[in-house]
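# Architecture and fold: a report
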There are 2 protein chains.
Amino acid sequence: MTSLVDMPCHQERPSLLSASSGYENYRGFLNLLYVILALGSCRLVLENILQYGLLVEFDWPLRFIQDPTNWPSVLLILLVNCFIIFEFVLQLKLSHTLILNSKAKNKWICLQFLNFITILIFPAAYVYYRQPNPVGAFIAVCIYSIVFLKLFSYVHINHRCRQALIEKKNDSHESTNVSKHPVVYPNNLTYKNLYYFMFAPTLCYELNFPRSPRIRIRFIIRRCGEILVLLSLQYCLGQQWILPILRTLDRPLNQYSALQNIERLLRLALPNHLLWLILFYVYFHSTLNLLAELLCFGDRLFYRDWWNATDLYEFWNRWNTSVHDFCKRHVYKPLVDHYGFNKLIGSLVVFAISAFFHEYLISVPLRMVRPWSFLAMMVQVPMGFAVRLVRSESKTYGNVAVWISLILIQPIAILLYIQDLFYRDFVKDKS
Amino acid sequence: MTSLVDMPCHQERPSLLSASSGYENYRGFLNLLYVILALGSCRLVLENILQYGLLVEFDWPLRFIQDPTNWPSVLLILLVNCFIIFEFVLQLKLSHTLILNSKAKNKWICLQFLNFITILIFPAAYVYYRQPNPVGAFIAVCIYSIVFLKLFSYVHINHRCRQALIEKKNDSHESTNVSKHPVVYPNNLTYKNLYYFMFAPTLCYELNFPRSPRIRIRFIIRRCGEILVLLSLQYCLGQQWILPILRTLDRPLNQYSALQNIERLLRLALPNHLLWLILFYVYFHSTLNLLAELLCFGDRLFYRDWWNATDLYEFWNRWNTSVHDFCKRHVYKPLVDHYGFNKLIGSLVVFAISAFFHEYLISVPLRMVRPWSFLAMMVQVPMGFAVRLVRSESKTYGNVAVWISLILIQPIAILLYIQDLFYRDFVKDKS
């Protein structure tokens, strides 16, 4: 009776934001990020219209055609088909030589090796001599790198299928379960199969990909809308927020005081990180989902929950599923399981390959070989150990350390590249 | 066997950010918000030091004492004790008159009524005549409002206890379970009990509050650190980001074009919302937890998960647990359960009282009665219906609508107040 009279309404309960509460549903804050981005872009558009009037240009296709620095990149992108078709022909040839160590087979394998090397060297040489627009060159070099990795996976899997077929011929009493796998080697060696894989949002070749039942038109429209809005937002952010900061650099970094450099770094870090988050969403969510929907590709797990990663290794495992699965399937596992290497060496090789491609994608379009992007990637290994130490204190601290390293390392590399561009152009002006 | 040969690694899976995936753990993005706030404030501090050198002033206690406009507010805050003590004396008197409808009792109840009215009128009159600094006046008026609500709860619960005691005397065979409730009426009528409630982070009086076992020093240090850092950050944000926007207003709003007003509104909305988020954290998490820890107050649920609210009513139910519990316990339930009012009318009364206090807290310190804050609160009722319609489409849209209304309504009210201040000062200059 007393309990009803004084209407008790308090209990011993923790606050939800305390780590001890165990509460974790913050979906609403993700929506807040979306709302802030949307309102922020509305404001930028309005400000722009108020300052300059309506300046939308509908002639960009014409201007694209008329700008001569764009054409070398388009040509370069189209030329990648030569490498794909050449590799396909080699695979067809190899599928006919099911005897081990034949002379013909060695010839095809040599040509294959040559093909892989050329895929990486050709665009670099082309960009160096033709000097296209860096943005177009960057897109072309990305496509070449993706094709390189896809063909590597294609060759690896076809090689294994060929080996299995040879073993089965020698050991003919073994039966395989074909019913679950409609396409078997060598029936997969068709242009249609290869080009489906080339366009599919994955780097790992499989003879039979999981397929989604149908194409949803509303899904496609929404993804296209996202891409359009977010790319415009990125463009505005870059013009309004990042370029003005970079323009304040009027001499090499070592001629500023340490405090001034740190201040500029922090000033650059936030818009750069925002741009990176938008890029993540546009590429890994909108674009890859759009591609998958158009191709009825069933596996949409292009990223895992990297935002909750409590150390850097977890982050690299989760943030780009395609690359992670590729490295695990075609580099780490063969090294560790087949060749018997140490696990640490396997991981280091994976990081080194990843670092090489990060550097390749930056150095070639800028026509300037600098170690910054390679180092930014390789420094992740020792930093990962440091973050693990932080994580042993609390998982939240580990997650915070991951965010800090993500926010700070990129702008450091950007400032170093800009300084080098500055030196290059300075020297050019002098000579 | 084939399955091992082509190493399948794809399955039919959705992307995590798709609503269809059912994935909801975004704790990492909350940490990202913290990191961005911390890095942003570091940058502001650095920029400030680079521009002005180190200007930290350690003489603010001295300056506070010397500024004569601060003293009226301090005096006002101290005077609140008169009302608390007067109410306590009245409760003591009432506890002695356990006979219903006695003449003495009616006298005490009339005095009580007078006391409640004076608590609200006295600070308004005081601020109007003494004209203190608006910030100090705002804090004083907040304290008076909190004391008003607390005393209302205190009177309500003591009244119910007294009624129960009278009924028990008439109907003496009923037994109460005392063991679970160490303090029973009228033993709770002590200064210690009343002042514990006055300082406790709740508006709902209980004879026996849940208590936490001990004071954790590390917890207190962390909360104090948060308060210090975040209040400095708020100060910097206000100075650097919000004041420059407000200073661009050099004539009344209706003399600008609609596009210009919308642009200014959007420009103001984001820093204002950031300030509001920080204020939420400083007050509802850091300060109330600090107070609770110092008082060993067990119930730390000062806010529920309002960030996931899918309509405005859910938001108002979750965002301030103290006020929500007070309104439910002392206004809504008595109206609906005891007096038999309609539920809708109960809700409207709660919103109207809340709107009155929102207006009171703004109008009194500015010495300017305007309906904007009252209207901003009352407009929540029809807007809530609109948001429910949006929510029926998808819960995510509902949450987005809640964020948009939170982000936009505050700066609209702020701009209207500033316009009115502008008119008032303009008229003053003319005369």
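Quick notes on the rules
Residues numbered from 1 in each chain as written. Chains lettered and ligands numbered in written order. Predicted model: local features only at pLDDT ≥ 70, side-chain atom pairs only at ≥ 80, totals over all residues. Heavy atoms only, no water. Helix = DSSP H or I, 4+ residues; strand = E, 2+ residues; numbered from the N terminus. Buried < 20%, exposed > 50% of the residue type's maximum accessible area, 1.4 Å probe, protein only. Contact = heavy atoms within 4.5 Å. Areas by Shrake-Rupley, 256 points an atom, 1.4 Å probe, with all protein chains shown as cover. Lys, Arg positive; Asp, Glu negative; His and termini not counted. Charge placed at Lys NZ, Arg CZ, Asp CG, Glu CD. Phe/Tyr/Trp six-rings, centres within 6.5 Å; stacked < 30°, edge-to-face > 60°. Patch = residues over 30% accessible without salt bridge, like charges linked within 9 Å, V, L, I, M, F, W, Y side chains within 5 Å. Salt bridge = Lys/Arg side-chain N within 4 Å of Asp/Glu carboxyl O. Least-squares fit on C-alpha atoms with pLDDT ≥ 70 in both. UniProt positions renumbered as here; feature names shortened; annotations may be inferred. Polar contact = N/O pair within 3.5 Å; in protein donor to acceptor, adjacent residues only side chain to side chain. Buried area = accessible area lost by both parts, 1.4 Å probe. Domains from an automatic or database assignment. pLDDT = per-residue confidence, 0-100. Axes fitted to C-alpha atoms, helices over the stretch in contact; angles between N-to-C directions. Parallel < 35°, antiparallel > 145°, perpendicular 65-115°, else oblique. Left-handed = near helix turned anticlockwise from the far one by under 90°. Nonpolar A, V, L, I, M, F, W, Y, C, P; charged D, E, K, R; others polar.

When its secondary structure is counted, chain A shows 15 helices and zero strands. Along the first, second and third principal axes, the C-alpha atoms of chain A reach 85 × 85 × 45 Å. Counting only residues that meet the buried cut, chain A has 47% of its 431 residues in that class. Nonlocal contacts in chain A, meaning residues at least 24 apart in sequence, comprise 73% of its contacts between residues at least 6 apart. As presented, chain A carries roughly 22,600 Å² of accessible surface, and 67% of it is formed by carbon and sulfur atoms. One way to put it: in chain A the 41 positive side-chain charges average out to a point 8 Å from where the 27 negative ones average out.

As a further point, take the packing of aromatic side chains. The geometry of an aromatic ring pair is captured by the separation of the ring centres together with the interplanar angle, meaning the angle of the planes. Residues and elements named next belong to chain A. Tallying each qualifying case throughout the model produces 78 aromatic pairs over all chains. Judged by centre distance (6.4 Å) and plane angle (85°), the ring pair of Y205 and F209 falls under edge-to-face. In this structure, Y205 and F209 share a single accessibility class: buried. Ring geometry for Y313 against F385: centres 6.2 Å apart, planes inclined by 80°, an arrangement best described as edge-to-face.

A surface patch of nonpolar side chains, amounting to about 370 Å² of accessible area, comprises L259 and I262 of chain A together with V45, I49 and L50 of chain B. Among the elements of the structure, α9 (258-294) of chain A together with α2 (27-52) of chain B are those that each provide at least two residues to the nonpolar patch. Of all the elements, α2 of chain B adds the most residues to the nonpolar patch, at three residues. By the element assignment, L50 of chain B lies in helix α2. On the basis of relative accessibility, which here comes to 36%, the residue L50 of chain B falls in the partly exposed class.

In screw terms, the move from chain B to chain A is a rotation of 180° and a rise of 0.0 Å along the axis, fitting with an RMSD of 0.0 Å. Such values leave the two copies arranged in the relation of a two-fold axis. A shared binding surface is used by both copies, with 99% of the interface residues of chain B retained as interface residues in chain A.

Residue and element names in this part refer to chain A. The UniProt feature table records "active site" (unreviewed entry) at H358. As for its placement among the helices and strands, H358 is situated in helix α12 (residues 343-366). The contacts of H358, once residues within four sequence positions are left out, are S373 and M377. Among the polar contacts listed, one links the side chain of H358 to the backbone oxygen of S354, at a separation of 2.9 Å.

This part covers the interface of chain B and chain A. On the chain A side, the residues contacting the 93 residues of chain B number 93 residues. The contact between chain B and chain A buries some 8,700 Å² in all, and 65% of this surface belongs to carbon and sulfur atoms. Among the residues of chain B in contact with chain A, H10, L17 and R27 of chain B are the three that bury the most area, contributing 9% of the side total. Counting across the interface, chain B meets chain A through 10 residue pairs in polar contact (both at pLDDT 80 or more). Those elements giving two or more residues to the side of chain B that touches chain A turn out to be α1 (2-5), α2, α6 (134-170), α9 (258-294), α11 (321-338) and α15 (395-430) of chain B. If one sorts the elements of the side of chain B that touches chain A by residue count, α2 of chain B sits on top with 17 residues.

Once that is clear, we can look at the domain arrangement of chain A. Assigned domains of chain A: these are domain 1 (69-169 + 181-199) and domain 2 (210-299). On a C-alpha basis, the centres of domain 1 of chain A and domain 2 of chain A stand 30 Å from each other.

All names here are of chain A. On average, chain A scores 84 in pLDDT, and the residues at 70 or more come to 91%. Helix α1 (residues 2-5) is the least confidently modelled element of chain A, averaging 57 in pLDDT, while helix α7 (residues 191-199) averages 94, the highest of any element. Low pLDDT, under 50, characterises residues 174-179; the predicted model gives this stretch seven contacts beyond four residues in sequence or across chains. Across the whole predicted complex the pTM is 0.72, and at the interface the ipTM reaches 0.73.

Residues and elements named next belong to chain B. Closest axis-to-axis distance for the helix α8 (residues 217-247)/α9 pair is 9 Å, and the angle between their directions is 160°. The orientation of α8 with respect to α9, classified from their angle, is roughly antiparallel. In this structure, α8 crosses over α9, and the sense of that crossing is left-handed. The residue makeup of the contact of α8 with α9, split by class, is 22 nonpolar, seven polar and five charged.

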